[in-house]
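# What the coordinates show
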Amino acid sequence: MTTTLTDAARENLEAGLEVKHQITSHLNPPPSYDVADHPLPVGREEIWRFTPIKRLRGLLDGEASDAELTWDTTLPDGVSLTRISTDEARELGELAPNDRPSALAVALAGGARLLDVPAETELDEPVVLRLTGQGADDLVWGHVVLRVGAFSKATIVLVHTGSARYAATTSVLVGDGAQVNVVSLQDWDDDAVHLGRDAILVGRDATVRHTSVSFGGDVVRMHANVEYAAPGGEAELLGLYFADAGQHLEHRLFADHNQPRTKSNVVYKGALQGQGAHTVWIGNVLIRKVAEGIETYEENRNLVLTDGCQADSVPNLEIETGEIEGAGHASATARFDDEQLFYLRSRGVSEKEARRLVLHGFFQDLIRKVGVPEIEERLTTTVEAELAKNVLKDLV
Amino acid sequence: MSTLEIKDLHVSVKTDDGPKEILKGVTLTIKDGETHAIMGPNGSGKSTLAYSVAGHPKYDITGGSVTLDGADVLAMTVDERARAGLFLAMQYPVEVPGVSVSNFLRTAKTALDGEAPKLRTWVKDVNAALQQLNLDPTFGQRSVNEGFSGGEKKRHEVAQLELLNPKVAILDETDSGLDIDALKIVSEGVNRFRAQEGKGVLLITHYTRILRYIEPDFVHVFVDGKIADQGGPELAEALEAEGYDKYLTKTAAV
Ligand SMILES: Nc1ncnc2c1ncn2[C@@H]1O[C@H](COP(=O)(O)OP(=O)(O)O)[C@@H](O)[C@H]1O
Ligand SMILES: [Mg+2]
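Now for a quick tour of the structure. As the structure is a computational prediction, the values presented were derived from the model and not from experiment.

Okay, the overall build of chain A next. Within chain A, the regular secondary structure consists of six helices and 16 strands. Taking 21 Å as the expected radius of gyration for a compact globule of 396 residues, we find that chain A reaches 21 Å, a close match to that expectation. Principal axes of the C-alpha set define a box for chain A whose edges measure 80 × 50 × 45 Å. Counting over 396 residues, chain A shows a buried share of 59%. For chain A, the accessible surface area stands at approximately 15,700 Å², while carbon and sulfur atoms represent 47% of it.

Attention shifts here to the overall build of chain B. Within chain B, the regular secondary structure consists of eight helices and twelve strands. Taken over C-alpha atoms, the radius of gyration comes to 18 Å for chain B, in line with the 18 Å a tight globule of 254 residues would show. With the C-alpha coordinates aligned to their principal axes, the bounding extent of chain B is approximately 60 × 40 × 40 Å. Looking at the 254 residues of chain B, the share that counts as buried comes to 53%. Pairs at least 24 residues apart make up 70% of the contacts formed inside chain B by residues separated by at least 6 positions. On chain B, roughly 11,200 Å² of surface is accessible, and the fraction owed to carbon and sulfur atoms is 49%.

Residue and element names in this part refer to chain B. With antiparallel pairing, four strands are arranged side by side in an open sheet as β2-β1-β4-β5. Among the strands making up the open sheet, the edge pair consists of β2 (18-30) and β5 (71-72). Two elements, strand β4 (residues 59-68) and β5, share two bridges in a ladder whose sense is antiparallel. Bridge assignment links Leu68 to a residue of β5, and that residue is Ala71.

Residues and elements named next belong to chain B. Near ligand 1, the surroundings consist of 13 residues, among which Ile22, Gly43, Lys46, Ser47 and Thr48 are the closest. Gly45 places a main-chain nitrogen or oxygen 3.0 Å from an oxygen atom of ligand 1. Coverage of ligand 1 by the protein chains reaches 68% of its 580 Å² of free accessible surface. Broken down by secondary-structure element, the contributors of at least two residues to the shell around ligand 1 are β1 (4-15), β2 and α1 (46-54). Among the elements that take part in the shell around ligand 1, α1 stands out by supplying three residues, more than any other. Class assignment of the residues belonging to the shell around ligand 1 gives a composition of three nonpolar, seven polar and three charged.

This paragraph deals with the packing of helix α5 (residues 150-164) of chain B against helix α6 (residues 180-194) of chain B. Residue and element names in this part refer to chain B. At a closest axis distance of 10 Å, the pairing of α5 and α6 adopts a crossing angle of 15°. Taken together, the axes of α5 and α6 are roughly parallel relative to one another. In this structure, α5 meets α6 at a crossing whose hand is left-handed. Side by side, α5 and α6 meet where Arg155, Val158, Leu161 and Glu162 of the first sit next to Ile185, Val186, Gly189, Val190, Arg192 and Phe193 of the second. Residues belonging to the contact of α5 with α6 are distributed by class as follows: six nonpolar, one polar and three charged.

In this assembly, 21 residues from chain A lie in contact with 37 residues from chain B. Between chain A and chain B, a total of about 2,100 Å² is buried, with carbon and sulfur atoms accounting for 63% of that surface. Contact with chain B buries surface across chain A, with Phe342(A), Tyr343(A) and Arg347(A) losing the most and accounting together for 38% of the total. Inspection of the chain A/chain B interface yields three salt bridges. Between Asp79(B) and Arg345(A) there is a salt bridge, and its shortest N-O distance comes to 2.7 Å.

On to the coordination of the magnesium ion (ligand 2). All names here are of chain B. Summarising the metal site, the magnesium ion (ligand 2) is bound by the protein donors Ser47 (OG) and Gln91 (OE1), whose distances to it range over 2.0 to 2.3 Å. With Ser47 in helix α1 and Gln91 in the loop between β6 (86-89) and β7 (96-100), the pair connects residues that are 44 residues apart, well separated along the chain. Here Ser47 matches Gln91 in class, with each residue buried.

Applying the stated criterion to the full structure yields 34 salt bridges over all chains. In this structure, Glu157(B) and Arg347(A) form a salt bridge, with 2.7 Å as the shortest nitrogen-oxygen distance. Note that Glu157(B) is positioned in helix α5 and Arg347(A) in the loop between α4 (338-345) and α5 (351-367), a pairing that runs across two chains. For the pair formed by Glu157(B) and Arg347(A), the shared burial category is buried. Across the pair Arg356(A) and Glu353(A) runs a salt bridge whose closest N-O atoms are separated by 3.3 Å.

A word on the sheet that holds strand β9 (residues 168-172) of chain B. Residues and elements named next belong to chain B. The strand order across the open sheet built from six strands is β6-β9-β10-β3-β11-β12, with neighbouring strands paired in mixed fashion. At either margin of the open sheet sits one strand with a lone partner, and together these are β6 and β12 (226-231). On average, adjacent strands in this sheet sit at an angle of 20° to one another, irrespective of strand direction. Examined bridge by bridge, β6 and β9 share four bridges and lie parallel to one another. Pairing of Phe87 across the sheet is with Ala169, part of β9.

Let us now look at a negative patch on the surface. All names here are of chain A. Among the surface-exposed residues, Asp77, Asp124, Glu125, Glu374 and Glu377 lie close enough to one another that they form a single negatively charged patch. With respect to the helices and strands, Glu374 occurs in helix α6 (residues 373-394). Classification of Glu374 as partly exposed rests on a relative accessible area of 43%.

With that settled, the discussion passes to the packing of aromatic side chains. In this structure the tally under the stated criterion is seven aromatic pairs over all chains. Taking 6.0 Å as the distance between ring centres and 35° as the angle between the ring planes, the aromatic pair formed by Phe242(A) and Phe363(A) counts as tilted. Separated by 121 residues along the polypeptide, Phe242(A) in strand β10 (residues 234-243) and Phe363(A) in helix α5 bring together distant segments of the chain. In terms of burial, Phe242(A) and Phe363(A) fall into one category: buried. Ring centres of Tyr343(A) and Phe104(B) lie 5.6 Å apart, and the angle between their planes is 15°; on these two criteria the pair is classed as stacked. Of this pair, Tyr343(A) sits in helix α4 while Phe104(B) sits in helix α3 (residues 101-113), placing the two residues on different chains. Since its relative accessible area comes to 0%, Tyr343(A) is described here as buried. Through a chain of ring-to-ring contacts, three or more aromatic side chains come together here, namely Phe242(A), Phe362(A) and Phe363(A). Looking at Arg113(A), its charged tip hangs above the ring of Trp71(A), at a distance of 4.4 Å from the centre. Seen from the ring of Tyr343(A), Arg347(A) lies directly overhead, with NZ or CZ sitting 4.9 Å from the centre.

What counts, and at which threshold
Residues numbered from 1 in each chain as written. Chains lettered and ligands numbered in written order. Predicted model: local features only at pLDDT ≥ 70, side-chain atom pairs only at ≥ 80, totals over all residues. Heavy atoms only, no water. Helix = DSSP H or I, 4+ residues; strand = E, 2+ residues; numbered from the N terminus. Rg over C-alpha atoms; globule rule 2.2 N^0.38 Å. Buried < 20%, exposed > 50% of the residue type's maximum accessible area, 1.4 Å probe, protein only. Areas by Shrake-Rupley, 256 points an atom, 1.4 Å probe, with all protein chains shown as cover. Contact = heavy atoms within 4.5 Å. Pairing = 2+ DSSP bridges. Near = heavy atom within 4 Å. Polar contact = N/O pair within 3.5 Å; in protein donor to acceptor, adjacent residues only side chain to side chain. Nonpolar A, V, L, I, M, F, W, Y, C, P; charged D, E, K, R; others polar. Axes fitted to C-alpha atoms, helices over the stretch in contact; angles between N-to-C directions. Parallel < 35°, antiparallel > 145°, perpendicular 65-115°, else oblique. Left-handed = near helix turned anticlockwise from the far one by under 90°. Buried area = accessible area lost by both parts, 1.4 Å probe. Salt bridge = Lys/Arg side-chain N within 4 Å of Asp/Glu carboxyl O. Donors = N, O, S within 2.8 Å, 3.2 Å for Na, K, Ca; no water. Patch = residues over 30% accessible without salt bridge, like charges linked within 9 Å, V, L, I, M, F, W, Y side chains within 5 Å. Lys, Arg positive; Asp, Glu negative; His and termini not counted. Charge placed at Lys NZ, Arg CZ, Asp CG, Glu CD. Phe/Tyr/Trp six-rings, centres within 6.5 Å; stacked < 30°, edge-to-face > 60°. Lys NZ or Arg CZ within 6 Å of the ring centre and 35° of its normal.

Structure representation (structure tokens):
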């Protein structure tokens, strides 16, 4: 059948298609559950060019494995954790995988774990999921769905420790008007490999804060993707990382403004020290044609503490409409600021203590945005321990 | 007792065209309990003098000496100078994101005393100092200098002066950008400091206004990296009436 479209009709049709996510971003491959749509990368691909593929130790091959992380959980009243099938997870409306490891994770995990916070439930303590790997040789495929019903208020904390070769898709489905705070802490042993994709779907007028914190592991590559199910949603994506010698810590953000009057605010801060410490931050923001009246801001700051480190930082803003409220980004990679050190030292504080204080402040500035006192405390303690372990030891 | 003695101080900064001399032989002694005002036009090197005494790494000392009660200040690190009793209230205080004012003050006090202050009295002292400078009690939770108004920055510098209580304070244009109420509050803080036994003050300013509230014992006119004239408080009044013109033309003619 041949059809002729008038320009107006074509525009309408295209606008309709766009709402159904048919127009793809230049920044990411099209999402798909089909592993065949995500071929084995050679390393030159845009989404793989910063990642040390050889150090992924076969994770991308997609071998079957039924090893699991051990789960130790704190579930407040009203919250349930169950196992569902892969198909059931898909039917919940999660965002399809957009890279090979996240597609493999869904395909090979043999079903998902569903954490369910029913509608109109206000939790007064956080959900805590402690996931521990049994050893670096374990190959673990993970599929997790965090569902928070309409008008609920919940804080969900995932803590990763131990070691494994772990690839996981974590979907965060946020109901209309809900307020959700998700914190993912990657505090792995030195030999772990973690390829994670957190994909967040924000309901109408809902608010989500997602904080990704990476300290341990040999290679950690985390996605945080946001899409909006309806207008009026707000997402704040925070991140904090500290790479030591030889570590590769990569954070890939994607805020897809596919609905009008939505907001995204991205702030990631990292520190690097030691030979071969490598961090990557990719901040992709897509503002689609329908997304009028949106606001977006993204920022990445890296503090390089020694020679021999590399911090890659790439903000990308792709704009298809002119009708936006505000869009901006900032990226900076620097060493210690001499003026800050001078100011502190002029008050009698030793050089070492001044550096510790500046670093403490650099991270504290982000930690206090997390908005959950017990988690802020834990992060402060973790950062202080990291600073004591690494920074105080080596610096002057 | 505290005497700050600056002798024939020469200082240069690195530029793309090689070193540029900014201080061209400054000699100045602040004896026990004295307040000296340094007045001069913009760009004459006043801040360079202040920073050089405090030990800012940007400045190279090419000649002369600075001693505090006989001890060689120039041989000390920046923090050693502070622990020896020097304090610099900066013209442009530096932002330290994420470090709260109370954490900063406690860390500085601990470094200066070699031990942590007694918690109960310290908290009281901090609150009193902030209150006297008309700073909100929640001020302690804010990040150092981040988002402060110009006046808040200067009042915070003076709160530090009072809490850290050095032997000699250098105040670099602490009066600039203040309205009359803030100027009075800041001056009262400086006067409380110097009412103590033996405290030295080097008050750097562009204007005579603050000298109505903080009366100096000596006034030095600073032009082109040197002291061009000195006298008592009456010199400030002459400057108020005549400005710096006569000194500027004099240097230009040389
Ligand atoms: N990095 C630099 N390169 C060149 N000139 C400089 C540099 N830093 C300061 N100066 C010059 O030094 C002089 C003195 O500056 P400053 O001490 O700030 O003066 P004041 O505080 O009296 O206004 C000015 O002329 C300024 O331009
Ligand atoms: Mg100046």
